[in-house]
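One letter stands for each residue in the lines below.
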Amino acid sequence: MVGMIGDGSFWYVGVNGQQQGPLGTHQVIDLIRTGQLGQTAYVYGQTLPQWTPIAQVAQFAGLFGQAPPLPPPPPAGPAPVMADVIDYELFGGEMQFVEIVLDPGEAAIADAGSLFYMDPGIRTEPMFGDGTQPEQGLFGKLAQGARRELTGEMLTVTAFGNAVQERQKVSFAAPYPGKIIPIDLRQHGDTLLCQKDVFLCAAKGITVSIASTRRLGAGLFGREGFVLHKLEGNGLAFLHAGGVLVERQLHAGETLRLDAGCLVALEPTVNHDIQWASGLFIATLTGPGRVWLQSLPFSRLAGRMLAAAVTAGVGRSDEGGEGAAPGGPRMGA
């Protein structure tokens, strides 16, 4: 688990009135050793009920001097769900897959249709509904980190967990040519927005829910319209972009316009709007924040494949002629 070692302690760190966390003891030590955490810090932890100068905490004693006024208190409520720390490797060029290595008790979440292969010690378990009811067994309360709500209905996310006492592998494949993008949500404020078709898989502890929906009618985006998912958590998520991947950092006030289908993901600080203009659904993105774009969205690929199939004559047969389905009646008048 991220931020958990030994006795399971986690810490919030306060510097100059700003806080970050939760962090594991080893992460705080790393910040100290690399010079990113100085003598002005306070800490608040699971075993420490109030902000305390870091030099007075046993794990860090003797390293720091005086510190500034206390930062604001940590957020109220239960401790955050910590995402599993998973190892992974990407394989392939244009048709990629990601292989995830799970320690005992760790799990990944994904749509069942994304599975490529898995070791025999991997146990699968579907997660239904919004995941508010605790689960039993290996995946106790796993649904808290495996929620996926789609427009107008609840669909299923599958948990792939290591149920044995040795490391196991599970892999997930991209559905069409493009690139798999590993994203550490901790580097983006623990939140990222993405198009509904680009989510591939994630570590246990990441939640996937609806961020917004634009009813643009049937056609390019299907009956649900343009749907953005929200990924929340403090671990790894994997997205898939079709064709060529482009990553852009937008400065405050900087605007970028693009085909809405070419949007992969964006940080929540980026303002976004979708409008119909001159026969196109145009997305307008305004910084600050980072955005990810794709040159070949699935909707465009599917549309061109359908057009090519129609031009070639879908269901053509020697007996029925062009437009006839094998063993069935001719299509059209």
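Residues numbered from 1 in each chain as written. Predicted model: local features only at pLDDT ≥ 70, side-chain atom pairs only at ≥ 80, totals over all residues. Heavy atoms only, no water.

J.: What's the story with the overall build of the chain in this structure? I'm lost.
T.: Looking only at helices and strands, the chain features two helices and 25 strands. Taking all 333 residues of the chain together, 44% fall into the buried category. Looking at the chain alone, contacts between residues at least 24 apart form 69% of all its contacts between residues at least 6 apart. Surface exposure of the chain reaches about 16,600 Å², of which carbon and sulfur atoms provide 54%. (Helix = DSSP H or I, 4+ residues; strand = E, 2+ residues; numbered from the N terminus. Buried < 20%, exposed > 50% of the residue type's maximum accessible area, 1.4 Å probe, protein only. Contact = heavy atoms within 4.5 Å. Areas by Shrake-Rupley, 256 points an atom, 1.4 Å probe, with all protein chains shown as cover.)

J.: Help me understand the pattern of salt bridges, please; the structure alone is not making it clear to me.
T.: One side chain can pair with another of opposite charge once the charged atoms of both are near each other. Counting across every chain of the model gives nine salt bridges. The residue Arg167 makes a salt bridge to Asp87 at a minimum N-O spacing of 2.3 Å. With Arg167 in the loop between strand S12 (157-162) and strand S13 (168-173) and Asp87 in strand S5 (residues 87-91), this residue pair connects regions lying 80 residues apart in the sequence. One salt bridge in this structure joins Lys169 and Glu99, with 3.7 Å as the shortest N-O distance. Pair noted here: Lys169 is in strand S13 and Glu99 is in strand S6 (residues 97-102), with a separation of 70 residues, a long-range link. By relative accessible area, Glu99 is classed as buried at 9%. Via salt bridges that share partners, Asp87, Asp103 and Arg167 belong to a single interconnected network. (Salt bridge = Lys/Arg side-chain N within 4 Å of Asp/Glu carboxyl O.)

J.: Sorry if this is basic, but what is going on with the packing of aromatic side chains here?
T.: Centre-to-centre distance and the angle between the planes together describe a pair of aromatic rings. All told, the structure shown has nine aromatic pairs when counted by the stated rule. Look at Tyr44 and Trp51: their rings are 5.8 Å apart centre to centre, the planes differ by 45°, and that puts the pair in the tilted class. By relative accessible area, which is 10% here, Trp51 ends up buried. Counting every residue linked through ring pairs, the aromatic cluster contains Phe91, Phe97, Phe116 and Tyr117. (Phe/Tyr/Trp six-rings, centres within 6.5 Å; stacked < 30°, edge-to-face > 60°.)

J.: Just to check I follow, could you spell out helix H1 (residues 25-33) for this structure?
T.: Counting along an α-helix, one turn takes 3.6 residues, and residues three or four places apart therefore face a common direction. Buried residues of H1: Thr25, Gln27, Val28, Leu31 and Ile32, and no others. All buried residues of H1 fall inside an arc of 165° around its axis, so they share one side. As for H1, its buried residues are in contact with strand S1 (10-15) and strand S2 (18-24). Gly35, located one to two residues past H1, shows a positive phi value of around 80°. (Arc of directions from axis to C-beta.)

J.: Is there a simple way to explain the side chain of His188 in this structure?
T.: Mapped onto the fold, His188 is located in the loop between strand S14 (178-184) and strand S15 (191-195). Sequence-distant contacts of His188, that is, excluding residues within four places in its chain, are made with Ile183, Glu267, Arg290 and Trp292.

J.: Got a minute to help me understand unusual backbone geometry in this structure?
T.: The phi torsion of most residues other than glycine is negative, and most of the peptide bonds are trans. Following Gly287, the chain continues to Pro288 via a peptide bond in cis, the omega torsion being 20°. Following the sequence through the fold, Pro288 ends up in the loop between strand S24 (280-286) and strand S25 (289-294). The phi torsion at Asp190 lies on the positive side, around 65°, for a residue other than glycine. Within the secondary structure layout, Asp190 lies in the loop between S14 and S15. You can call Asp190 partly exposed: its relative accessible area is 27%.

J.: Sorry if this is basic, but what is going on with the pairing of S2 here?
T.: Each regular strand shows side chains that alternate between the opposite faces of the sheet. Alignment of S1 against S2, held across five bridges, turns out to be antiparallel. In the sheet register, Phe10 faces S2, and the bridge partner there is Gly24. The loop that links S1 with its antiparallel partner S2 comprises two residues; one of these, Asn16, has a positive phi angle of about 55°. (Pairing = 2+ DSSP bridges.)

J.: In this structure, what is going on with the sheet that holds strand S4 (residues 48-53)? I would like to understand it.
T.: Whether parallel or antiparallel, the strands of a sheet pair through hydrogen bonds between backbone atoms. Strand order in this open sheet of four strands is S2-S1-S3-S4, and the pairing throughout is antiparallel. Each edge of the sheet is formed by a strand with only one pairing partner; in this case those strands are S2 and S4. Neighbour to neighbour, the strand axes of the sheet diverge by 20° on average, direction disregarded. Pairing of S1 with strand S3 (residues 41-45) involves five bridges; the strand directions are antiparallel. For Val15, the partnering residue across the bridge sits in S3 and is Ala41. (Axes fitted to C-alpha atoms, helices over the stretch in contact; angles between N-to-C directions.)

J.: It is not clear to me how the sheet that holds S5 should be interpreted in this structure. Could you clarify?
T.: The antiparallel open sheet is built from four strands, whose spatial order is S5-S6-S13-S8. Strands with a single pairing partner mark the edges of an open sheet, and in this sheet they are S5 and strand S8 (115-118). Across the sheet, the mean angle from the axis of one strand to that of its neighbour is 20°, orientation sign disregarded. Sheet analysis places S6 next to S13, joined by six bridges and oriented antiparallel. Bridging from a neighbouring strand, Glu99 pairs with Ser171 of S13.

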